[in-house]
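Next come the chains, spelled out residue by residue.
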Amino acid sequence: MRNSKMDITQEEYAEAGPEKEQKTQAADRPPKAGRTSSIIHQTAVRKQRRRRFIQKAIFSVFRLSAVINALALFIIIYFMVKNGIGAISWEFLSEAPRDSMTKGGILPCIVGTILLGVGAILVAMPIGVASAIYLNEYARPGKVLRTIRLGINNLAGVPSVVFGLFGLAFFVIYLDMGVSILAGALTLGAMSLPVVIGSTEEAFKAVPDTYREASLGLGATKWQTIYRVVLPTALPGVLTGGILGLSRAAGETAPIMFTAAVFFTPDLPESIFSEIMALPYHIYVLATAGTEIEATRPLQYGTALVLITLVLGMNLIAIIWRARLRKRLKG
Amino acid sequence: MAGKRQSTEKVMRTFFFCVATASIAVLFMIMVFLFMEGLPVFNMVSVKEFLFGVYWYPTSDPPDFGIYPLIVASLAVTAVSAVIAIPLGVMTAIYLAELASKRVAEIFKPIVELLAALPSVVIGFFGMVIVAPFLQQVLGVATGLNLFNAALMLAFMSIPTICSISEDAIYSVPNALREGSLALGATQWETLWRVVVPASISGIATSVILGISRAVGETMVVLMVAGGAAMVPSSIFDPVRPMPASIAAEMAEAPFRGDHYYALFATGIVLFLFTLFFNIIADIIATRYRQVGEASL
Amino acid sequence: MSDSKSNGVKMTSKHLDFYYGNFQALHDVSLEFKKQQVTALIGPSGCGKSTYLRCLNRMNDLIPIARVEGKIMLEDEDIYDPSLDVVMLRRRVGMVFQKPNPFPKSVYENVAYGLRVNGIRDKGLIEQRVTESIQRAALWDEVKDRLQESALGLSGGQQQRLCIARALAVEPEVVLMDEPASALDPIATQKIEDLIHELKKEYTIIIVTHSMQQAARVSDITAFFYIGKLIEVGDTDTLFTRPRLKQTEDYITGRFG
């Protein structure tokens with residue numbers, strides 16, 4: 001019976017217990033705390049109301065700050081919808097700007113934004129997913145992993161205008177792409193890389209380890225396990241990450257200012273080397289540099305409304321989709 | 001057979017490793033090209049003159065390339081926005097992680113995410129056409145396009161960052177600590193303030209630094225809302241011209257590889273180093289002061 | 001002097017039912033706890049003994065879907081009375097948890113914490129109480145030179161005694177212990193058990209344990225729970241030697257399926 005150390009000690013202890021109990025030294029016992037205890041009790045009673053009140057007051061401030069954030073979002077959306085809805089018409093969505101951009105529609109901007117966003121995600125997705133596979137499936141903790149993570153975190157922190165400068169210097173000038181969809185998409189792709197890596201990694205992390213173990217246990221190699229088990233399971237989450245990256249890229253202005261977007265071009269792009277118009281840049285141009293800033297206000301609001309519908313719509317889809325996925329993976 | 005499988009394994013592993021270094025490569029290229037296009041300006045002005053010169057007249061003859069007003073503007077806008085964003089962001093995070101019921105939190109979290117998703121140009125536009133006239137009227141200031149307005153708009157751009165990272169940090173404080181405190185007769189607020197927040201302070205600090213870093217580098221808002229005057233501000237209602245605004249506004253007009261062009265790239269270097277500094281600090285805090293979890297046995 | 005005070009009863013539960021949502025975890029539990037006695041709650045895991053313990057200081061309030069029916073009296077106050085402040089209750093009914101959970105603060109601050117939140121500002125008083133409490137938890141000799149060091153640097157057993165000291169500092173009347181030694185090695189366990197013997201002179205102690213030997217060693221009264229019901233309660237000696245019910249006997253002799 002006495003095969004484990006634990007058993008021995010437990011049993012021996014059981015025998016020794018009662019003796020030990022009598023040995024507890026009286027000297028160790030501190031003096032009774034009759035006086036102080038009543039002070040603690042009295043203080044607690046006296047301050048009870050005050051403490052309750054402080055908590056109530058502070059918690060209402062916390063609640064208020066959450067409400068302020070929600071209000072900020074709704075106020076911005078409210079003004080864009082209220083002032084922009086009037087500008088929206090079939091003509092607005094399907095025609096090019098006319099009369100020095102004071103009339104007409106924003107079709108080239110919509111097309112440009114979609115092309116840039118899709119282009120960016122075509123660049124960022126493969127690299128982002130592969131990076132996430134390495135980080136989550138292959139990498140072991142250590143200096144290499146830490147360096148890569150540090151790189152990703154710092155890339156995420158690079159200001160968007162600096163990406164613009166980089167795109168200008170590298171893609172537009174050095175690689176001689178000129179101001180073009182290609183240069184803009186590559187710049188935006190580099191910028192959305194950290195977003196894609198982050199959300200893709202989350203999707204991989206959500207795949208239970210038991211799946212991997214089961215596959216490896218059947219004699220599959222690591223790569224087979226990733227390709228046949230991990231990737232398919234994580235795919236919906238990966239796509240969610242893609243949508244988030246796409247929406248981020250579509251809403252950006254500074255990176256495309258010097259690399260892809262132009263003030264005005266009446267034609268739709270012909271190739272990936274064409275320069276284009278884009279919704280965010282169009283808003284900026286109309287609101288700050290147009291010839292008739294006041295007269296084009298409705299167009300500005302309309303463009304802004306189209307942009308936030310596009311961007312928030314994609315985000316909402318991603319958020320809802322992700323919430324469903326989480327529920328399913330939880331069982 | 002086994003040999004082939006093994007070599008495939010090795011190839012895949014190497015392949016993924018190489019791709020994963022892409023982020024570092026991009027970061028490195030950004031540095032290389034910023035320096036390549038920015039350093040030539042120092043043939044014309046000294047580093048000291050560039051950083052501490054108080055006149056930014058890049059197009060006059062002879063031009064002045066002192067970005068001190070731009071740096072001050074960036075720091076001032078960021079500081080004011082931090083004053084607004086930190087309490088709002090952290091308090092919202094605490095509310096969502098600790099106080100809100102599950103249902104309420106499920107409504108608020110997407111709201112914060114959507115706030116983060118709003119394109120910066122839309123926030124800039126909103127600040128320009130709605131907030132600026134409002135401020136001008138209510139406060140009677142000369143222009144609504146000023147430091148304060150830009151800071152306010154920026155605050156709502158960094159709140160989501162602060163809020164979501166703080167919330168994760170607060171949420172991951174082990175429940176045992178909360179119970180331990182409550183069982184001693186502490187109120188929920190006392191538990192929060194004296195146990196939960198100190199236990200998650202490194203995560204909260206990280207979130208704050210990343211939020212601030214985002215505000216320093218944010219471009220469209222300061223471009224559209226800050227007012228654009230390249231002067232050292234004397235009040236928070238003065239118009240200013242932070243670094244990103246200057247770069248974005250002037251790049252299109254700067255002659256290719258002229259002094260102005262180089263000066264803007266050099267401004268980009270300064271901006272890049274600022275955010276790099278913040279991000280590295282955030283990283284150090286996050287890894288070195290790892291969150292204290294449950295008692296180890 | 002009320003009835004309950006004169007016969008030495010500190011806490012009573014009367015027909016207590018407890019629900020997690022639709023699931024009833026406790027059925028009609030009625031029990032009395034006397035002053036200066038240790039009551040052990042035993043039973044197989046999932047029998048509701050911990051749930052019951054956490055009803056006694058309303059720790060279950062933290063679970064949104066939890067619901068209580070019946071009454072729990074602390075002397076002659078109903079602790080589920082809406083007018084009663086749960087914060088005040090928890091100061092009077094302290095708790096020690098299964099896993100030691102010291103705060104990430106210094107040893108000293110861990111013990112001072114309860115005093116500070118309860119509004120004590122007098123530094124001398126705090127110091128006196130901290131010292132007393134650590135002494136009473138039989139930890140003084142081990143930590144007296146490292147009061148300002150992090151409590152997380154103590155061993156598991158020391159951490160648990162620190163948690164006991166922390167609970168004692170606010171002068172509770174009842175101390176609830178939820179398997180306080182289950183995460184500790186035998187030597188640390190022994191120290192905790194010695195301490196319980198010592199503490200019962202001043203406090204009403206209610207301890208949940210999965211170890212029948214431990215219940216036999218430390219308690220005066222033992223209550224046996226099984227699938228949410230209180231099956232049998234009695235003097236520890238009697239319950240372990242001559243249980244009245246077959247179920248109890250099966251459990252204590254280890255013949256449980």
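Per chain, residues are indexed from 1 in the order of the written sequence. Each chain gets a letter, beginning with A, and each ligand a number, beginning with 1, in the order they are written. It should be noted that, the model being predicted, local features are given only for residues of pLDDT at least 70 and side-chain atom pairs only at 80 or more, the latter also being counted only at that level, while totals for whole chains, interfaces and linings use all residues. With hydrogens and water stripped out, all remaining heavy atoms of the structure feed into the side-chain values.

Trainee: What exactly am I supposed to notice about the overall build of chain C here?
Mentor: For chain C, the count of helices and strands is 11 helices and 10 strands. Dimensions of chain C along its principal axes, counting C-alpha atoms only, are 55 × 45 × 40 Å. Taking all 257 residues of chain C together, 61% fall into the buried category. What sets the accessible areas is the Shrake-Rupley method with a 1.4 Å probe; for residues, cover comes only from the shown protein chains. Looking at chain C as shown, the accessible area adds up to about 10,000 Å², and 49% of this sits on carbon and sulfur atoms. Residues scored as positive are Lys and Arg, those scored as negative are Asp and Glu, and His as well as the terminal groups of each chain are ignored. A single reference atom marks each charge: NZ on Lys, CZ on Arg, CG on Asp, CD on Glu. In chain C, the 33 positive side-chain charges and the 35 negative ones have mean positions that sit 2 Å from each other. Helix numbering and strand numbering both begin at the N terminus, where a helix is a DSSP run of H or I of at least 4 residues and a strand a DSSP run of E of at least 2. Under the scheme applied here, a residue whose accessible area is under 20% of the maximum for its type counts as buried, over 50% as exposed, and between as partly exposed, the area being computed with a 1.4 Å probe on protein chains only.

Trainee: Explain the interface of chain B and chain A here, please?
Mentor: When the parts of a complex come together, some accessible area is lost, and that lost area is often used as the size of the interface. Listed by partner, the interface residues are 75 residues for chain B and 84 residues for chain A. In total, about 7,200 Å² of surface goes out of reach between chain B and chain A, with carbon and sulfur atoms giving 77% of it. Put simply, buried area is how much 1.4 Å-probe accessible surface two parts lose in total, over both of them, once they are put together. The largest per-residue losses of area from chain B upon contact with chain A belong to Phe16, Phe125 and Trp189 of chain B, which jointly make up 9% of the total buried on that side. The salt bridge definition used is simple: a Lys or Arg side-chain nitrogen within 4 Å of an Asp or Glu carboxyl oxygen. Scanning the region where chain B abuts chain A turns up 3 salt bridges. Ionic pairing is found between arginine 51 of chain A and glutamate 190 of chain B, a salt bridge with its closest N-O pair at 2.7 Å. Pairs of N or O atoms within 3.5 Å make up the polar contacts considered here, provided that, within protein, one atom can donate a hydrogen while the other can accept it, and that residues adjacent in sequence are counted only when both atoms are side-chain atoms. Where chain B touches chain A, the interface holds 13 residue pairs in polar contact (both at pLDDT 80 or more). At 12 residues, the largest contribution of residues to the side of chain B that touches chain A is made by helix H13 (residues 259–288) of chain B. Counted by class, the side of chain B that touches chain A contains 54 nonpolar, 13 polar and 8 charged residues. Should any heavy atoms of two residues lie within 4.5 Å, those residues are counted as being in contact. Here the nonpolar group is Ala, Val, Leu, Ile, Met, Phe, Trp, Tyr, Cys and Pro; Asp, Glu, Lys and Arg are the charged ones; every other residue, Gly included, is treated as polar.

Trainee: Explain helix H4 (residues 107–117) of chain C to me, please; I cannot follow it from the model alone.
Mentor: The periodicity of an α-helix, 3.6 residues per turn, causes residues three or four positions apart to be oriented the same way. Along H4 of chain C, 9 of the 11 residues are buried, which leaves the element largely enclosed by surrounding structure. Along H4 of chain C, the residues that are buried comprise Val107, Tyr108, Asn110, Val111, Ala112, Tyr113, Gly114, Leu115 and Val117 of chain C.

Trainee: Would you mind going over the environment of tyrosine 211 of chain A with me for this structure?
Mentor: Residues and elements named next belong to chain A. With respect to the element layout, tyrosine 211 can be found in helix H8 (residues 209–217). Between the C-alpha atoms of tyrosine 211 and threonine 225, which are 14 residues apart in sequence, the distance is 8.7 Å. Ignoring sequence-local partners within four residues, the contact set of tyrosine 211 consists of Val229 and Thr233.

Trainee: Explain the pattern of salt bridges here, please?
Mentor: Two side chains that carry opposite charge are able to pair once their charged atoms sit near each other. Residues and elements named next belong to chain C. Here the structure, examined in full by the defined rule, presents 35 salt bridges over all chains. Close ionic contact of arginine 67 with glutamate 69 constitutes a salt bridge, the shortest N to O distance being 2.8 Å. Overall, the relative accessible area of 35% leaves glutamate 69 in the partly exposed class. For glutamate 109, the salt bridge goes to arginine 116, with nearest N and O atoms at 2.7 Å. On the basis of relative accessible area, arginine 116 is assigned to the partly exposed category, the value being 24%. Three or more residues joined by partner-sharing salt bridges are found here, namely Lys10, Lys35, Glu75, Glu77, Arg92 and Glu173.

None of the figures reported here should be taken as evidence of function without further support.
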